[in-house]
Amino acid sequence: MGSSFDRIVNQSYRNLTDIDIQVLQKISDEMELVPQMSIGELAERCNVSTATIVRMTRHLGFEGYSDFKYFLRHESKLGRGKRRATSSATAASAAVAEDITQTIRLFERTNQLDELYARMAGARKVYAFGTGYGQRLMLEDFCRCMQMIGRDVVMIPATGELRLVKQYLGKDDLLIIASLSGCVDRYRDVFQTISVCGTPIVSITNLGNNELASYTAYNLYFQNGNIFDDINMSSSSFVTMHLVLHLLFEGFKEWLELND
């Protein structure tokens, strides 16, 4: 399976039925052929009804089979392009372009944005915490942008300060957490305490199943295919995490203008 395909399936796995999984296994085996098939041809190949195909695509978050087929066509082209690539720079550019495209699609499909913007507007205090140095840099730029529209965000600089601040957090506050992998081994007790006290948390993490998202009321995802899971670091820039934060800021600013 292609990397984006894997991530989308993993993200939606809880919504998938056994039949969905069987169909997706067939699709993964014939990834380059499926974009050329009509929904009827694919249904016949998988021994299911066309309605089953439509339901499966919606379980994955697509609007229907046409939208899903467009995604597979892109994946197929990307796969062929990677096999033809002779330059590491070209391959890197293609990977970043894919990450950016997928990150925008993920943000646009988030169904909690209006609710999140209302939370941001009504919060007593908005806090931000990054689980690493790069994440904190991205959040600092987000805080700067928020200040330009008269909205202060309290930056929590390190783990020690997070442990101190947690005792003052309440249901009327909002905590934004940026993490590459969503691993919470070092912070599990803190997040559990914050979750119990009812403070809404916004997680901004790399696409895929992760523990941090299980503690958060709002989940925003970016795609970064160059993360080393064992050391929780990225070999590329934080461009897609920054993109999510930029989209969040611009969306919030527009929401304020419409609800002023």
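Presented here is a report on the structure given in the accompanying data block.

Thresholds applied
- Residue positions are given per chain, counted from 1 along the sequence in the order it is written.
- In keeping with the model being predicted, local features are shown solely for residues with a pLDDT of at least 70 and side-chain atom pairs are shown and tallied solely at 80 or more, while totals for entire chains, interfaces and linings include all residues.
- Each side-chain value is derived from all of the structure's non-hydrogen atoms; neither hydrogens nor water enter the calculation.
- Should DSSP find at least two bridges between two strands, the strands are taken to pair.
- Going along the chain from the N terminus, every DSSP run of H or I of four or more residues is numbered as a helix, and every run of E of two or more is numbered as a strand.
- A clockwise path from the first strand over the helix to the second, with the strands pointing away from the viewer, defines a right-handed crossover.
- Pairs of cysteine sulfur atoms within 2.5 Å are identified as disulfides in what follows.
- Between rings of Phe, Tyr and Trp, where Trp is taken as its six-membered ring, a pair exists when centres lie within 6.5 Å; planes separated by under 30 degrees are stacked, by over 60 edge-to-face, and by other angles tilted.
- Residue burial is assigned from relative accessible area. The probe radius is 1.4 Å, only protein chains are included, and a residue is buried under 20% of its type maximum, exposed over 50%, and partly exposed in between.
- Under this scheme, a helix contributes an axis fitted over its contacting stretch, all axes are lines through C-alpha atoms, and angles between N-to-C directions fall in the 0 to 180 degree range.
- Put simply, angles under 35 degrees are roughly parallel, angles over 145 are roughly antiparallel, angles from 65 to 115 are roughly perpendicular, and the rest are oblique.
- Whether two residues touch is decided by their heavy atoms; if any such pair falls within 4.5 Å, the residues are in contact.
- Put simply, Ala, Val, Leu, Ile, Met, Phe, Trp, Tyr, Cys and Pro go in the nonpolar bin, Asp, Glu, Lys and Arg in the charged bin, and everything else, Gly too, in the polar bin.
- Salt bridge, as used here, is a side-chain nitrogen of Lys or Arg placed within 4 Å of a carboxyl oxygen of Asp or Glu.

As a further point, take the pairing of strand 2 (residues 153-156). Across four bridges, the pairing between strand 1 (residues 126-130) and strand 2 is parallel. Paired with V126 across the bridge in strand 2 is V153. Between the parallel pair strand 1 and strand 2, the chain is carried across by helix 8 (residues 133-148), and the sense of this crossover is right-handed.

Looking now at the state of the cysteines. By definition, a disulfide links the sulfur atoms of two cysteine residues through a covalent bond. Within this structure, the stated rule accounts for zero disulfides. With no disulfide partner, C145 has as its closest neighbouring cysteine sulfur the one in C143, 9.3 Å distant.

Our focus in this paragraph is the packing of aromatic side chains. Throughout the structure, instances matching the rule amount to three aromatic pairs. Considering the side-chain rings of F62 and F71, the 5.4 Å spacing of their centres and the 45° angle between planes classify their relative orientation as tilted. Owing to a relative accessible area of 3%, F71 belongs among the buried residues under this scheme. Seen in terms of ring centroids, Y117 and F252 are 6.3 Å apart; in terms of plane orientation they differ by 45°. Their pairing is tilted. Of the two residues, Y117 is situated in helix 7 (residues 113-122) and F252 in helix 12 (residues 239-258); the sequence distance between them amounts to 135 residues. One aromatic cluster is present, built from ring pairs that chain together F62, F68 and F71.

The next point concerns the pairing of strand 4 (residues 201-206). Burial analysis of strand 4 places six of its six residues in the buried class, which makes it a mostly covered element. In this structure, strand 3 (residues 174-178) lies alongside strand 4, joined through four bridges in parallel fashion. The residue bridging I177 from the neighbouring strand is S203, located in strand 4. Each parallel crossover has a hand, and the one from strand 3 via helix 10 (residues 188-197) to strand 4 is right-handed.

For the rest of this paragraph, the subject is the packing of helix 7 against helix 12. Relative to each other, helix 7 and helix 12 sit at 75°, their axes nearing to 10 Å. Between helix 7 and helix 12, the crossing angle belongs to the class labelled roughly perpendicular. Between helix 7 and helix 12, the contacting residues are D114, L116, Y117, A118, M120 and A121 on the first element and L247, L248, G251, F252, W255 and L256 on the second. The class makeup of the residues in the contact of helix 7 with helix 12 is 10 nonpolar, one polar and one charged.

So, on to the pattern of salt bridges. Counting across every chain of the model gives eight salt bridges. Two residues, R45 and E30, come together in a salt bridge whose shortest N-O distance is 2.7 Å. Here the residue R45 occupies a position in helix 3 (residues 39-46), and E30 occupies one in the loop between helix 2 (18-29) and helix 3, the gap between them amounting to 15 residues. Given the relative accessible area of 39%, R45 is considered partly exposed. Close ionic contact of D67 with R109 constitutes a salt bridge, the shortest N to O distance being 2.9 Å. Taken together, the residues D67 in helix 5 (residues 65-84) and R109 in the loop between helix 6 (88-108) and helix 7 connect sequence positions 42 residues apart. A single salt-bridge network, built from bridges that share partners, covers K26, E30 and R45.

Bringing the packing of helix 3 against helix 4 (residues 50-59) into the picture now. Running from N to C, helix 3 and helix 4 point in directions that differ by 100°, and their axes come no closer than 8 Å. In terms of axis orientation, helix 3 runs roughly perpendicular to helix 4. The segment helix 3 lies against helix 4, with I39, G40, L42 and A43 engaging T50, I53 and V54. For the contact of helix 3 with helix 4, the residue count by class is five nonpolar, two polar and no charged.

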